[in-house]
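Structural features, examined
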2 protein chains.
Amino acid sequence: MKSEKDFSLDEKIEGDSIFIGDLPLCKFLLMNDSNYPWFLLVPRRAEIKEIFDLSEGDRKQLDFETVEVSKFIKSSFNPEKINIASLGNIVPQFHVHIIARYTDDISWPETVWGKYPYNEYKGTQSDDLLKISKSFINKLKN
Amino acid sequence: MKSEKDFSLDEKIEGDSIFIGDLPLCKFLLMNDSNYPWFLLVPRRAEIKEIFDLSEGDRKQLDFETVEVSKFIKSSFNPEKINIASLGNIVPQFHVHIIARYTDDISWPETVWGKYPYNEYKGTQSDDLLKISKSFINKLKN
């Protein structure tokens, strides 16, 4: 299993997102784009680029965390569809996008990537979102 | 567990792709777009829209099949990056895209969706690709 100690979050991901908290495997982040409730999971493992670089145990945990975040998104935001993707063409550090999509969001039914500039949260705009996201991970831990 | 007997492949997916074969859980398809080696996995389960609609056992198998297809793509096509995504904004039937991406492909580093019209395979163009893809699933079965 790849170790956690050599992991550090990619600088671009860090700059584009807001830290919510740590799940057992992944950093759980909110993309700083108020166009969509857009979350990221980043396994705290060094040198992971492709899905097969993760151990089977880590993949099982990633599946669990992906499903729990997806259920949280469904119950909290009731989107039309959840988009899940690991791309990495720009940032090769393995990360998973989990995004709530609505028929009236600005990119529907297209994908969110490269479509519009990030519409950053201002002032207290992200407070409620961060509060329920943190409440979700606290429940998951207990 | 959702049953297989009520499953039928979405008509749009069927029209946009070429059938390669059946893995234990998923239909394995080649997208009819020669711009990229672009594959699909579609679990043969009725009424699956989101990842959490699949049972835990099916998700474990989906993870296995996704990883095996990704390894096959890596070893056969040596891409710069593999893109994996379940979107479903246009076709809600749950399906996973697994795509070989290159720094000189026409959409790099952007995503492939909605970027260019499909560049359909003509005549025998897809023969080699289908041959190695079928050889891969035969090896996986044995």
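Structure: see above.
To start, this report covers the structure provided alongside it. (Residues numbered from 1 in each chain as written. Chains lettered and ligands numbered in written order. Predicted model: local features only at pLDDT ≥ 70, side-chain atom pairs only at ≥ 80, totals over all residues. Heavy atoms only, no water.)

**Looking at the pattern of salt bridges**
The test is simple: Just to be clear on terms, a salt bridge is a Lys or Arg side-chain nitrogen sitting within 4 Å of an Asp or Glu carboxyl oxygen. Counting from the N terminus, the helices are DSSP H or I runs at least four residues long and the strands are E runs at least two residues long. Think of it in three bands: with a 1.4 Å probe and only protein chains considered, a residue is buried below 20% of the maximum accessible area for its type, exposed above 50%, and partly exposed in between.
Evaluation of the coordinates by the stated rule reveals 20 salt bridges over all chains. In this structure, the salt-bridge partner of D16 of chain A is K12 of chain A, at a minimum N-O distance of 2.7 Å. One end of the pair is D16 of chain A and the other is K12 of chain A, both in helix α1 (residues 11–16) and four residues apart, which spans about a single turn. In this structure, R45 of chain B and D58 of chain B form a salt bridge, with 2.7 Å as the shortest nitrogen-oxygen distance. On the criterion of sequence distance, the pair formed by R45 of chain B in the loop between β3 (38–43) and α2 (56–77) and D58 of chain B in helix α2 is long-range, its members being 13 residues apart. The pair formed by R45 of chain B and D58 of chain B is uniform in burial state, with each residue classed as buried.

**Concerning the interface of chain B and chain A**
Let me state the cut-off plainly: Only heavy atoms matter for contacts: two residues are in contact if any of them lie within 4.5 Å across the pair. A 1.4 Å probe defines the accessible area here, and the buried area is the portion of it lost by two parts on being joined, summed over both. Under this definition, polar contacts are N or O atom pairs within 3.5 Å; protein pairs additionally need one hydrogen-donor-capable and one acceptor-capable atom, and for neighbouring residues in sequence, both atoms have to be side-chain atoms. For two strands to count as paired, DSSP must find a minimum of two bridges between them.
Taken residue by residue, the interface counts 31 residues in chain B and 31 residues in chain A. The contact between chain B and chain A buries some 2,900 Å² in all, and 54% of this surface belongs to carbon and sulfur atoms. The largest contributions to the chain B side of the interface with chain A come from F52, K81 and N89 of chain B, which together make up 23% of the buried area. Note that K81 of chain A is salt-bridged to E50 of chain B, the shortest N-O span being 2.9 Å. Counting every contact that joins chain B to chain A gives 20 residue pairs in polar contact (both at pLDDT 80 or more). When contributions to the side of chain B that touches chain A are tallied by element, the ones reaching two or more residues are α2 and β4 (81–86) of chain B. In this sheet, β4 of chain B lies alongside strand β4 (residues 81–86) of chain A in antiparallel orientation, the contact comprising three bridges. Bridged to A85 of chain A within β4 of chain B is A85 of chain B.

Such coordinate-based values are descriptive only and should not be taken to indicate function.
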